[in-house]
Amino acid sequence: MKAHMVQLTLSLLAFLLPIHSYSADISVTARPDRDGYAVGDTARIACIVSIPSSYHLYGNPLGPGIGKPLKISLQGNDGFSVTGMRKSPAEKYKPDIGEWVWAYEKEARFFIEGVIRENAPEEIEGTIIFDGLICHTACVPFTKKVPFVLTINNQVHNAFSAWGPSLKTAFGASRPMEPGTGGTIQKAGTGHRDLDIDLGGLSSGEETGMVQWDYDPVEPRQKYNVVLALVLAFLAGIILNVMPCVLPVLGVKILSFSHGLSESRGKAVLRSLIFAAGMITVFMALASLAAFAGYSWGEQFQNPKMLVGIVSLIFIFALGMFDFYVILVPSNIGSLEQQTGEGLFSDFYKGMFATILATPCSGPLLGATLAWTLTQPTYVIFLVFGSVGAGMAFPYVLLSSSKTLARFIPKPGKWMEDFKHVMGYLLLGFAVFLMIGLPRDMILSTVGLCVFLAMALSFYSRIAPFGSAIPRKITALLVAAGIIGAGIYVNFGVLYSSISDTSLKKAEKQAGVWQEFKPSLLRSAHASGTHVLIDFTANWCMNCQYNKIAVLHSKQIVELIKDKDILALKADITTENPPAESLLHHLGSRSVPFLAVFPGDNPYEPVVMRDLIDKKRLAAELKKLPEK
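What you see is a predicted model; the values in this text were computed from it and never measured. (Residues numbered from 1 in each chain as written. Predicted model: local features only at pLDDT ≥ 70, side-chain atom pairs only at ≥ 80, totals over all residues. Heavy atoms only, no water.)

J.: Looking at this structure, I do not really get the sheet that holds strand 2 (residues 42-50). What am I missing?
T.: Pairing between the strands of a sheet is mediated by backbone hydrogen bonds and can be parallel or antiparallel. The strand order across the open sheet formed by 5 strands is 1-2-8-5-11, and the pairing between neighbours is antiparallel. Here the strands that pair on one side only, and so sit at the sheet edges, are strand 1 (27-32) and strand 11 (175-177). Adjacent strand axes in the sheet meet at a mean angle of 30 degrees, parallel and antiparallel pairs treated alike. Summarising the sheet, strand 5 (residues 80-87) and strand 11 pair through 3 bridges and their orientation is antiparallel. (Pairing = 2+ DSSP bridges. Helix = DSSP H or I, 4+ residues; strand = E, 2+ residues; numbered from the N terminus. Axes fitted to C-alpha atoms, helices over the stretch in contact; angles between N-to-C directions.)

Okay, here's the thing in structure tokens:
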């Protein structure tokens, strides 16, 4: 009650003081992200707020301290449907009196996103209103009205084309300012849609994932720069080679090395460089997704359709290990490559495939490095991802270029057939493992699709074996494509529709002490002073499964959870889970595994842990939590 009275008094004094007695004032400019838009385009308006020297601008949410939270309003935006607002991250500010608050100094950036409607005029004119408070030795309330114009010329303009690199970077590092936490939107003739901020630190919007977090994670932090990030990324890439996700493809590469012992050293090095190029190509594609689409490491596995495609690709690759088909694709290793001299494309494809399989794993150093990288300019993102790819490819180039190391590679022999079959079984097992990440009502359809893929490959190999005439190959290929198309229709058009029902879509209840993550549970726990442990995980993440079995579900940790009366929450991002992903990003991570411990007496400074969890360290942190 006392804090509310102090806050009310401060606000009244601020408004009663004559504004003109202070020279300090903010300036706000608005910049659309394109020079022109077409109907249906996503438009973004950047608002750059310049703050006077020595002053701070109160953010929103405010935090536990005293101040006036910033509010943003939008008026006169007929033809422009606002879908959300974003903001640059605020910093903790500790005034001389009272608790800390979230605030900005020097500059703050806010972004308004929306869609151009069909009834949009040639020029959409509107006003953005900022209502807030800046303070130094005195507090100055302000209301700024900033006009903007969106030109509708129905021409093609690339997103962000009117923004410079700094604005693009700021947008990539921005956080949602969601309904219930940021401002008001007024549509012409329709009144206001309420978006006022909830000062509790956690807002509504759980259904859409638009939740405002107010945490300052505690972890051993490494001060990064570009050079250090490149070094750590290179080492992380080397470590990825021993992750279980990559082992099946590495076995295939070992076979290629063994076959290549009779080749010249130059050709062996060339093939390894081609293999490396395949790896780095995929890493550049991942960098593009991260820089321009905001994708995190392994996020492609959240899309069920893409996951079905990856499972199918692994299944096809595995069939090649059993000589199920004999065509000139990467699965065709061995003598056929040597006879035709067409192994370079095979090596390139294997490099790409190895990188795709690596993304469900996040080895040591990778998580923290990528978390820093994804907040940096675009060129840094590409450099670091390229360094990870170079590190992953480095052992193969080294092995092929060193005669001393090449001696450790066994010579070709009968063992290779058995080894190839073992790799085939590992690939099949990995495909089954990835299917765990699919919705349950899609698993049977995916298995059925794999059966049709086997039928199509068998038909092609039987009708158009190696050496067949081109017309015969084309005919067989068209029939095989028809079989695959029929498989997609039967399994995902008929079978999937018949088994997909609400009972299959219900989330599986967590066993034992673990519950499904919900922002409302976290909010209630903070209010009651309950300790919280959140495990950010995914079914397609193998290291997550290790943490689950060896650490989180171990007897010692489970007993500590019960003894300390800890609320254990599982934040599963196997498929899209916006609230969990929002909190994960807010806590400073873009990959899983990730763990956060929220002490009941200090919940806004959680202790976080990345990648493979140290059981002793986690137990020590849980033991530190005070008894309720």
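J.: Before we go on, may I ask you to explain the confidence of the model for the protein in this structure?
T.: Detailed reading of the predicted model is not advised wherever pLDDT is low. Scored by pLDDT, the protein comes out at a mean of 76, with 73% of its residues at no less than 70. Taken together, the stretch residues 1-22 has pLDDT below 50 and engages in 17 contacts with residues farther than four places along the chain or on a different chain. Note on residues 179-210: pLDDT is under 50 here. Beyond four places in sequence and across chains, it has 99 contacts. (pLDDT = per-residue confidence, 0-100. Contact = heavy atoms within 4.5 Å.)

J.: What is the right way to look at the pattern of salt bridges in this model?
T.: One side chain can pair with another of opposite charge once the charged atoms of both are near each other. All told, the structure shown has 9 salt bridges when counted by the stated rule. The salt bridge involving E627 is made with K564; its shortest N-O contact spans 3.4 Å. A residue pair is termed long-range when its members are at least 10 positions apart, and E627 in the segment after helix 20 (615-624) and K564 in the loop between helix 18 (555-563) and strand 16 (567-572) qualify at 63 residues. Residue classification places K564 among the buried positions, given a relative accessible area of 10%. Through salt bridges with shared partners, one network takes in D33, R34, D41, R44 and E113. (Salt bridge = Lys/Arg side-chain N within 4 Å of Asp/Glu carboxyl O. Buried < 20%, exposed > 50% of the residue type's maximum accessible area, 1.4 Å probe, protein only.)

J.: What should I look at first to understand helix 18 in this one?
T.: Every α-helix winds through 3.6 residues per turn, so residues three or four apart in the chain are directed the same way. For helix 18, the set of buried residues is I557, V558, L560 and I561. Buried residues of helix 18, seen end-on, are gathered within an arc of 160 degrees and therefore sit on one face of the element. Those residues of helix 18 that are exposed and aimed more than 90 degrees away from the buried face are K555, K562 and D563. Turning to helix 18, the residues buried within the fold contact strand 14 (514-516), strand 15 (532-537), helix 17 (542-552), strand 16 and helix 20. Remark: D565 follows helix 18 within two positions and exhibits a positive phi of approximately 55 degrees. (Arc of directions from axis to C-beta.)

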